[in-house]
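Architecture and fold: a report
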Amino acid sequence: MTDLTLYNSATRTKERFQPIDPAHVRLYVCGPTVYDRAHIGNARPVVVFDVLVRLLRRLYPRVTYVRNVTDVDDKIMAAARERGEPIEAVTERTLHWFHEDMAALGALPPDVEPRATETIAEMIALIERLIANGHAYVADGHVLFDVPSFPRYGALSNRTPDEMEAGARVDVAPYKRSPYDFVLWKPSTPDQPGWASPWGRGRPGWHIECSAMAWRHLGEEFDIHGGGLDLIFPHHENEIAQSACAFPGSRFARVWMHNGMLLVGGEKMSKSLGNFTTVEEVLRHGDWAGEAFRLLLLKTHYRMPLDYSEAALAEARRELDRFYRALEHAGEPDAAEMLPGPVLAALLDDLNTPAALAAMHALADRAVAGDARAGADLRAAADVLGLLPRTAAAWFRGDGNVAWIEDAIARRLAARKARDFATADAIRADLLAKGIVLEDGPQGTTWRRAS
């Protein structure tokens, strides 16, 4: 097996991946904060690390993939207050939406999906260790991490203490020793969620949550930590500081992987700009849209910025049409046991999905000519990328509600029997405009999606 290389954000270089235990690879990815519908930027790390996990499972005998759920947070509290609902109602509904949306993108569920509210005991234990080790202090009902006590702070984000102090908010809380010290535990009012602790009833800060959940399910040190580029500072920087100080000698995560930002119209998504797009809105385009959006995400290398547009989504759909047509010509073969060499080589090179897709297009060229082996290789490549889960017939006909199509075909047939050919032609043209092609034959009229 050729070595897997991954770009490590901590060293800013591509490195040969060397798991702590080759018999058991462990990775942690920051998951959703469940207060609203997932936007398309939230989907990118889910798809990126889904592909990584699929690849790792082909390379190693056991992989444990942990992706957390943040279900206690000030944004959640604000959403519940605004909607007049209990916090649990907001988090349960939002998590259900998240699961539905990510499944529609072909993402496999993680092996473990811990919730912050289920890991409070571990958070308190970590905070107690940090206080005992001299890296945290109690002040005004809060517990704060003492950033200057950890000399390596800023190494992941490549920031100096001066830069961090300049970036600190103007009104620094008076109980902080340093302006960039961050909260590990904070007091809760009677109307806020809270838990008993040695420092009074309160709730955790955001950063300690991930350190505690990773520790509980993966141990003091594990192989890969992933998330979006926007999490490097302060979230991931703070995770490293907490965990390394709680467990002296531990590196916490060996490899740090971060996906690039997703833009819309060349700009960061913002409700004020009117370019804020949820996964649900993308999925409304049709039952093809989830797979097309997944392909769109994979057409750009995960570390690069990606610009979303409906034109790009339509182009991804056309590419899927081509792949499915190739499988149809090859006789819908089962996936080959081994990944085709060019696809594997691309993925082993820091998860180079654009190169893997280029190799898939070359396989599709051969499959269209009826090469069953190329079709099997195409199916195997698609499996590791989470693409082409359907048959060509299912793709071109659609798996959603097709009653309206059958109704239109029946109306067209009635018009033809009545020799009202103008109406029959109008129905056919209307269906074609909606992407539905009718084919008349000896057995009657069938339909498929336009390629």
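Refer to the preceding data block for the structure.
About the thresholds
- Residues numbered from 1 in each chain as written.
- Predicted model: local features only at pLDDT ≥ 70, side-chain atom pairs only at ≥ 80, totals over all residues.
- Heavy atoms only, no water.
- Pairing = 2+ DSSP bridges.
- Helix = DSSP H or I, 4+ residues; strand = E, 2+ residues; numbered from the N terminus.
- Axes fitted to C-alpha atoms, helices over the stretch in contact; angles between N-to-C directions.
- Core = buried A, V, L, I, M, F, W, Y, C linked by side-chain atoms within 4.5 Å.
- Buried < 20%, exposed > 50% of the residue type's maximum accessible area, 1.4 Å probe, protein only.
- Contact = heavy atoms within 4.5 Å.
- Salt bridge = Lys/Arg side-chain N within 4 Å of Asp/Glu carboxyl O.

**Considering the sheet that holds strand 5 (residues 136–139)**
Read from one edge to the other, the open sheet built from 4 strands follows the order 5-6-7-8, with strand pairing classed as antiparallel. Only two strands of the sheet have a single partner each, and these edge strands are strand 5 and strand 8 (202–204). Here the strands of the sheet are splayed against their neighbours by 20 degrees on average, with no regard to which way each runs. In this structure, strand 7 (residues 182–187) lies alongside strand 8, joined through 3 bridges in antiparallel fashion. Bridge assignment links P187 to a residue of strand 8, and that residue is G202.

**Here's the deal with the nonpolar core**
Ranked by internal contacts, the top residues of the largest apolar core, which has 85 residues, are L56, F293, M360, L385 and L388. For this core, the element with the most residues is helix 1 (residues 40–59), which contributes 12 residues. Apart from residues no more than four positions distant in its own chain, L385 is found in contact with V51, R294, L298, L347, T353, A356, L357 and M360. Core analysis: the second largest hydrophobic core is formed by 41 residues, F182, L218, I240 and A241 among them.

**Observations regarding the pattern of salt bridges**
Tallied over the entire structure, the rule returns 30 salt bridges. A salt bridge links K186 to D74; its shortest N-O distance comes to 3.4 Å. Here K186 is found in strand 7, whereas its partner D74 is found in helix 2 (residues 74–83), with 112 residues between them in sequence. K299 serves as the salt-bridge partner of E319, at 2.6 Å between the closest nitrogen and oxygen. In this pair, E319 sits in helix 10 (residues 310–329) while K299 sits in the loop between helix 9 (289–298) and strand 13 (306–308), placing the two residues 20 residues apart along the sequence. Given a relative accessible area of 12%, E319 falls into the buried group. Classification of K299 as partly exposed rests on a relative accessible area of 31%. Here the salt bridges do not stand alone but share partners, grouping R37, D101, E280 and R284 into one network.

What is shown is where atoms sit, not what they do.
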